[in-house]
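Breakdown of the fold
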Amino acid sequence: MARYLKEKYDVIICGAGPAGLYAANCLQKASADPISVLLVDKKSPWKEPVACAEAVSRKIFSRYWTPKEEWVRGHLDGVYFTSPDMTRVEYFQADCGLILNRAAFHHEMADKAAELGVECHFEDTVEKLSRAKNGHWKLKIRSGKEESELETRVVIDATGPGAKITRHVPGLEALETGDFDQEAAVFAIATGIPHSRRHIELLFGERYFAGGYGWVFPRDGETVNVGLVGGRKFLKTHPPRSTLEKFIREAYPDAKILAFHGGAIPCGQSEHPTAAYGVFKAGDSASTVNPISRSGIVEALKSGKIAAECALQWLSASSEEERREIENSAYTRWMKIQGKTHLNYHRGKDGFASVSDEQFNKAAHRLASIPVHKRSIFRIFWAVLSSSPSILWKMKSFFI
Ligand SMILES: Cc1cc2nc3c(=O)[nH]c(=O)nc-3n(C[C@H](O)[C@H](O)[C@H](O)COP(=O)(O)OP(=O)(O)OC[C@H]3O[C@@H](n4cnc5c(N)ncnc54)[C@H](O)[C@@H]3O)c2cc1C
């Protein structure tokens, strides 16, 4: 019996992370006429570990998917910003964030997509994308030893960082490659690290986190996710895993490391198109991560929605001209809701990376003297930036 229900689909979504899973749900919910949608991923989306610290803004995340206690590890009331001399500055905002159990969240999204009529195949790898003579797309998909060739009118590429399936494909050369300003991030699941269950902690300093930051995120009261993302230049001479290990040993002598994980994060907003000839990119594969916070979950949901809506318009378009317009609109829509801000953040990234330990410490000491309820995120950033006029100049893209 054939592995797939059809040989030709209207839409094939490659990758079942938040971008692909959300696109699958949006497609089936929004389409007026029944369409055939196939979702494939080389692994089951609920397979642990998911290489992520799993923190999201509760308010923004909830606009896209209703959080459920079954897959929320914890609720957050704020952030501790910790300067290189370990001065902690608390930013408090009740119920501002969530720590997800992403594997379980993915499971719910995949179940919902299947309920809505999306054909889901996990543990299937897309090996090759090529253009068919009729202008549709052909996908070579491998499942164990079995190889299948399927046809589709639209492809949503949500395969995460790096242009795994679109690179070197004729017609798609101009597309964003999903590895713009790619940085390495590593984390350990550890016990024995003092932390607050209701806060995430972000740490700064040239010794371990130059160009990026470190983090301690709560999980279950016992274990934490402790990690770092560093500037590319710094991590070239400071291998991420051993740098993290050194930091943990020094800062938390009682810590017990249970496991190490890591992944790549494309940390820049590019100005390349994200769609062409019926191929739409979403999430990390379209470099949608926030260049400063390096968060990408909510961004993946937002861009998955745009990809799904554009795909539906594309399927009902009546001319090639209209299709090209829809493809261009995928990028302009993203730029309007988020990309323009990311572009400014990315331009200011070098300035932020040049804040010295002394300036961070000075800002932290100044902030520590302000009552907690008067510390806004803007005030915190302002204190860091205004610790040196030269940084303000470098960071002007945040403001203009
Ligand atoms: C260490 C680390 C910590 C992070 N912490 C946070 C955080 O706390 N908060 C936050 O918001 N963001 C965080 N991020 C970023 C966030 O994880 C990503 O931005 C987000 O996962 C992007 O979702 P996506 O759907 O675009 O891609 P992914 O989640 O990467 O999903 C891509 C999917 O495509 C599949 N795939 C790839 N190639 C193929 C193929 N050829 N065939 C079939 N399937 C394929 C993969 O198996 C994968 O399931 C972190 C990232 C890292 C690396």
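Please read all numbers here as calculations on a predicted model, not as lab measurements. (Residues numbered from 1 in each chain as written. Predicted model: local features only at pLDDT ≥ 70, side-chain atom pairs only at ≥ 80, totals over all residues. Heavy atoms only, no water.)

1. Looking at the domain arrangement of the chain
Domain assignment breaks the chain into domain 1 (8-48 + 103-180 + 269-350) and domain 2 (55-99 + 183-266). Relative to domain 2, the C-alpha centre of domain 1 lies at a distance of 28 Å. With 23 residues of domain 1 at the interface, the matching set in domain 2 holds 16 residues. Carbon and sulfur atoms make up 66% of the surface buried where domain 1 meets domain 2, a total of about 1800 Å² over both sides. When the buried area of domain 1 at its contact with domain 2 is split by residue, F105, E108 and R294 rank highest and sum to 33% of it. In this structure, the connection of domain 1 to domain 2 is made through three salt bridges. K68 is paired through a salt bridge with E108; the nearest N and O atoms lie 2.8 Å apart. Between domain 1 and domain 2 we count eight residue pairs in polar contact (both at pLDDT 80 or more) in total. The set of elements that each furnish at least two residues to the side of domain 1 that touches domain 2 consists of helix 1 (18-30), helix 3 (102-115) and helix 7 (297-315). By residue class, the composition of the side of domain 1 that touches domain 2 is 11 nonpolar, four polar and eight charged. (Domains from an automatic or database assignment. Contact = heavy atoms within 4.5 Å. Buried area = accessible area lost by both parts, 1.4 Å probe. Salt bridge = Lys/Arg side-chain N within 4 Å of Asp/Glu carboxyl O. Polar contact = N/O pair within 3.5 Å; in protein donor to acceptor, adjacent residues only side chain to side chain. Helix = DSSP H or I, 4+ residues; strand = E, 2+ residues; numbered from the N terminus. Nonpolar A, V, L, I, M, F, W, Y, C, P; charged D, E, K, R; others polar.)

2. A few points about the pattern of salt bridges
Tallied over the entire structure, the rule returns 21 salt bridges. R88 is the partner of E201 in a salt bridge, and the nearest nitrogen-oxygen pair spans 3.1 Å. With E201 in strand 11 (residues 199-203) and R88 in strand 5 (residues 88-100), this pair connects stretches of sequence that are 113 residues apart. Taking relative accessible area as the criterion, R88 reaches 40% and is therefore assigned partly exposed. Each of D181, E183, R232, R294 and K349 takes part in salt bridges that share partners, so that together they form one network. (Buried < 20%, exposed > 50% of the residue type's maximum accessible area, 1.4 Å probe, protein only.)

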